[in-house]
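# Structure at a glance
Below, each chain spelled out in residue letters.
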Amino acid sequence: MATNVRTVEAAPEQDAMGRPVHQRRVSDRLLAAHNYAYATGSRRLAEELREMIDAAKAREQQLVASYQKTLQESFREVRQALASQTRAREVFEAEAAREAALTDTLRLARIRQENGFTSQLEVIDAERNLLLAQLNRITALRDRRTAVADVVRALGGGWQGLEAVAVGSAAK
């Protein structure tokens, strides 16, 4: 008759919260050491450990404050980038509508000129206005694409590797 022998792995040491000991914070481990030193009568060691605990807690608070500040700055950058993208889109749409209207104006000016109701000057003026509107639309499109890139950058999109590509293409 064979017996089943099972090996049981030793459970990792856990703290009172059920977390593995290696996951406890430094201040928690120092506090445990402080309590042990105090309980065994080593007051000097307990005082030194208390100072270390206070320093660890102060460092932890400093890191939390720094992290919160970084988060707030990140959210602010994203909010500004999104607002900028919205404004750029609205400007682009307005310029596109203006270009469409001036295209129609030029068409009508050419019809009037062909039928003798207006001079060539009105057609030239309509062409000039249309070209300016097209330039404004192209500028608005560039601004819109820049705003989209700013949103991607604010959301954490990186530009790693682009410097090397730019340098490599310039060398060719």
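Residues numbered from 1 in each chain as written. Predicted model: local features only at pLDDT ≥ 70, side-chain atom pairs only at ≥ 80, totals over all residues. Heavy atoms only, no water.

### Describing the overall build of the protein
- Looking only at helices and strands, one finds 4 helices and 0 strands in the protein.
- Each of the 172 residues in the protein was classed as buried or not, and the buried ones make up 17%.
- Intrachain contacts of the protein at a sequence separation of at least 6 include 54% that bridge at least 24 residues. (Helix = DSSP H or I, 4+ residues; strand = E, 2+ residues; numbered from the N terminus. Buried < 20%, exposed > 50% of the residue type's maximum accessible area, 1.4 Å probe, protein only. Contact = heavy atoms within 4.5 Å.)

### Digging into the nonpolar core
- Listed in full, the 7 residues of the largest apolar core are Leu 102, Leu 106, Ala 109, Val 123, Ala 126, Leu 130 and Ala 133.
- Among the elements of the structure, α2 (43-114) and α3 (120-154) are those that each provide at least two residues to this core.
- At 4 residues, the largest contribution of residues to this core is made by α3.
- When neighbours within four sequence positions are excluded, Leu 102 is seen to be in contact with Asn 129, Leu 130 and Ala 133. (Core = buried A, V, L, I, M, F, W, Y, C linked by side-chain atoms within 4.5 Å.)

### Observations concerning the pattern of salt bridges
- Tallied over the entire structure, the rule returns 9 salt bridges.
- Residue Arg 110 pairs with Glu 127 through a salt bridge whose shortest N-O separation is 2.8 Å. In this pair, Arg 110 sits in helix α2 while Glu 127 sits in helix α3, placing the two residues 17 residues apart along the sequence.
- Owing to a relative accessible area of 39%, Arg 110 belongs among the partly exposed residues under this scheme.
- According to the relative accessible area criterion, Glu 127 is partly exposed, its value standing at 29%.
- The residue Glu 122 makes a salt bridge to Arg 112 at a minimum N-O spacing of 2.3 Å. On the criterion of sequence distance, the pair formed by Glu 122 in helix α3 and Arg 112 in helix α2 is long-range, its members being 10 residues apart. (Salt bridge = Lys/Arg side-chain N within 4 Å of Asp/Glu carboxyl O.)

### A short note on the side chain of Thr 118
- Relative to the helices and strands, Thr 118 resides in the loop between α2 and α3.
- Ignoring anything within four residues of it in the chain, the contact list for Thr 118 reads Ala 109, Arg 112 and Gln 113.

### Quick notes on the environment of Glu 93
- Within the secondary structure layout, Glu 93 lies in helix α2.
- Along the primary structure Glu 93 and Ala 140 are separated by 47 residues, whereas in three dimensions their C-alpha atoms are 8.6 Å apart.

### Concerning the confidence of the model for the protein
- On average, residues of the protein score 80 in pLDDT, and 72% of them are at 70 or above.
- Taking the mean pLDDT of every element in the protein, the minimum, 54, falls on helix α4 (residues 162-171) and the maximum, 95, on α3.
- Note on residues 1-12: pLDDT under 50 across the span, and 0 contacts to partners over four residues away in sequence or across chains. (pLDDT = per-residue confidence, 0-100.)

### Points about the side chain of Glu 99
- Summarising the element assignment, Glu 99 is placed in helix α2.
- By relative accessible area, Glu 99 is classed as buried at 14%.
- Filtering out sequence-adjacent residues up to four positions away, Glu 99 remains in contact with Leu 130, Ala 133, Gln 134 and Arg 137.

### Section: α3
- Taking 1.5 Å of rise per residue, 35 residues should cover 51 Å, and α3 covers 51 Å from first to last C-alpha, within 8% of that figure.
- Within α3, burial applies to Val 123, Ala 126, Leu 130, Ala 133, Ala 140, Ala 147, Val 151 and Ala 154. (Expected span 1.5 Å × (residues − 1).)

### Description of a nonpolar patch on the surface
- Judged by side-chain polarity, Tyr 67, Leu 71 and Phe 75 come together as a nonpolar surface patch covering roughly 340 Å² of accessible area.
- Its place among the elements puts Tyr 67 in helix α2.
- Residue class for Tyr 67 comes out exposed when judged on its relative accessible area of 54%. (Patch = residues over 30% accessible without salt bridge, like charges linked within 9 Å, V, L, I, M, F, W, Y side chains within 5 Å. Areas by Shrake-Rupley, 256 points an atom, 1.4 Å probe, with all protein chains shown as cover.)

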